[in-house]
Amino acid sequence: KEKRFDGQVALVTGAAGNIGLATAKRLAQDGADIVLLDIAADKLEEARDEISAFGTKVETVTCDVTDYKSVETAVASAEDKMGPIALLFNNAGYQGTFTPVQNYDPEDFTKVIQIDLIGAFHVLRAVSARMAAHRFGRIVNTSSMAGLQGPPNMVAYACAKFGIVGLTQTASKDLAPHGIRVNAIAPALMGPGFMWDRQVELQAKAGSQYFSSDPKEVSDEMIKGVPMRRLGDISEIPGVVSFLMSDDSSYMTGVTLPISGG
Ligand code: NAD
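Residues numbered from 1 in each chain as written. Predicted model: local features only at pLDDT ≥ 70, side-chain atom pairs only at ≥ 80, totals over all residues. Heavy atoms only, no water.

Participant: So what exactly am I meant to see when it comes to the site of the ligand here?
Facilitator: Residues in contact with the ligand amount to 24 residues; listed here are only the nearest, I19, D38, D64, Y157 and K161. Between the ligand and V65, the relevant distance is 3.0 Å, taken from a nitrogen atom to a main-chain nitrogen or oxygen of the residue. A total of 820 Å² of accessible area belongs to the ligand in isolation, and the protein chains cover 89% of it. Looking at the shell around the ligand, the elements that each hand over two or more residues are α1 (18–29) and α5 (155–175). (Near = heavy atom within 4 Å. Polar contact = N/O pair within 3.5 Å; in protein donor to acceptor, adjacent residues only side chain to side chain. Areas by Shrake-Rupley, 256 points an atom, 1.4 Å probe, with all protein chains shown as cover. Helix = DSSP H or I, 4+ residues; strand = E, 2+ residues; numbered from the N terminus.)

Participant: Got a minute to help me understand helix α2 (residues 41–52) in this structure?
Facilitator: Think of an α-helix as 3.6 residues a turn; residues three or four steps apart then line up on the same face. The terminal C-alpha atoms of α2, which comprises 12 residues, lie 17 Å apart, in line with the 16 Å expected from a rise of 1.5 Å per residue. Here α2 has its buried residues at L44, A47 and I51. Angularly, the buried residues of α2 cover 60 degrees about the axis, an arc narrow enough to put them on a single face. Opposite the packed face of α2, turned more than 90 degrees from it, sit the exposed residues D42, E46 and D49. (Expected span 1.5 Å × (residues − 1). Buried < 20%, exposed > 50% of the residue type's maximum accessible area, 1.4 Å probe, protein only. Arc of directions from axis to C-beta.)

Participant: Could you clarify how one ought to interpret the nonpolar core in this entry?
Facilitator: In globular proteins that are soluble, nonpolar side chains generally tend to be buried together. Grouped together as the largest cluster of nonpolar side chains are 29 residues, with contacts concentrated most on L11, I85, V127 and I139. Every element with two or more residues in this core is listed here: β1 (9–13), β2 (33–38), α3 (68–82), β4 (85–90), α4 (106–134), α5 and β6 (180–187). In terms of residues, this core owes the most to one element, α4, which gives seven residues. Ignoring any residue separated from it by four or fewer positions in sequence, one finds I139 in contact with L88, L124, S128, M131, L175, I180, R181, V182 and N183. Judged by nonpolar contacts, the second largest core, of 28 residues, contains A10, V12, I19 and L244. (Core = buried A, V, L, I, M, F, W, Y, C linked by side-chain atoms within 4.5 Å. Contact = heavy atoms within 4.5 Å.)

Participant: Looking at this model, I keep getting lost on the pattern of salt bridges. Mind explaining?
Facilitator: One side chain can pair with another of opposite charge once the charged atoms of both are near each other. Counting across every chain of the model gives nine salt bridges. Between K216 and D220 there is a salt bridge, and its shortest N-O distance comes to 3.0 Å. Remark: D220 and K216 occur in helix α7 (residues 215–224); sequence separation between them is four residues, near one turn of the helix. Accessibility expressed as a relative area gives 33% for D220, which makes it partly exposed. Close ionic contact of E236 with R230 constitutes a salt bridge, the shortest N to O distance being 2.7 Å. For E236, a relative accessible area of 33% gives the class partly exposed. (Salt bridge = Lys/Arg side-chain N within 4 Å of Asp/Glu carboxyl O.)

Participant: Got a minute to help me understand the sheet that holds β2 in this structure?
Facilitator: What links the strands of a sheet is backbone hydrogen bonding, and the strands pair in either a parallel or an antiparallel sense. Strand order in this open sheet of seven strands is β3-β2-β1-β4-β5-β6-β7, and the pairing throughout is parallel. The open sheet has two free edges, formed respectively by β3 (58–62) and β7 (256–259), since each of these has just one partner strand. Averaged over all pairs of adjacent strands, the angle between strand axes in this sheet comes to 20 degrees, irrespective of strand direction. Both β6 and β7 contribute to a ladder of four bridges, which runs parallel. Residue P187 lies in a different strand from β7, and its bridge partner there is I259. The strands touched by α4 are β1, β4, β5 (137–142) and β6; relative to β4, the strand with the most contacts, the crossing angle is about 170 degrees. (Pairing = 2+ DSSP bridges. Axes fitted to C-alpha atoms, helices over the stretch in contact; angles between N-to-C directions.)

Shown next, in the form of structure tokens:
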């Protein structure tokens, strides 16, 4: 049976992480050959083993997305080995610390913006230039609900993820004439797991009026704010990315889709 992305090459950044790896698996199941990009070389090799099980081609590339020259080299070598990149999941990210704005560490602010926003721009720029030459591309950026409504104690992350919404809108306009669609996803509270525990613990420690200082209570408070009254599971993300890359969304570009339980 023919699959959605048979014969297409997908580049996934942050591919050694939770959402990146889960989405790379889905794209491989959908028939795509996969290039896994991450800064974490060891975890990337584990990810390669997992993706190989799906039988499509897989390559890894270790790269720091904050360095645009490395990104250009990585993208060029990916295309040399695998052929034209048709699909991009632009997803590498770092959440930063949890601190009220007046005390937020400027160095951490810069780090978050450099990875989450400037890094995403570097990857989108390098890949879209090649997609434009091939006159075909489907790009999905990872924003966050923190990029649509600024949460307390996460100023750097909110700025970066709001920035991804802008990057998505402008890139969708610049790239529409070249046959490239650009959309974004905005996941909210995903768990259980390390990211969720870290977030709950750090929000409790931040000591703001918005959350209790007890992590267990913070968790309950956050879930009460979700209409569906539960955390999202990582497995609820890859299908949305696959949809946004597929012809089922052929008249959609420039949108940021919340994955947030309401
Ligand atoms: P994760 O920490 O498991 O994955 C992030 C990956 O990005 C890691 O493998 C990390 O090594 C990589 N990375 C970090 N800095 C990099 C750099 N400079 N260059 C290349 N790679 C780098 O986290 P995740 O939950 O899988 O997050 C993926 C994306 O989803 C991020 O953009 C994150 O902000 C976003 N997000 C996550 C959640 C959530 O609750 N998990 C919610 C909303 C948005």
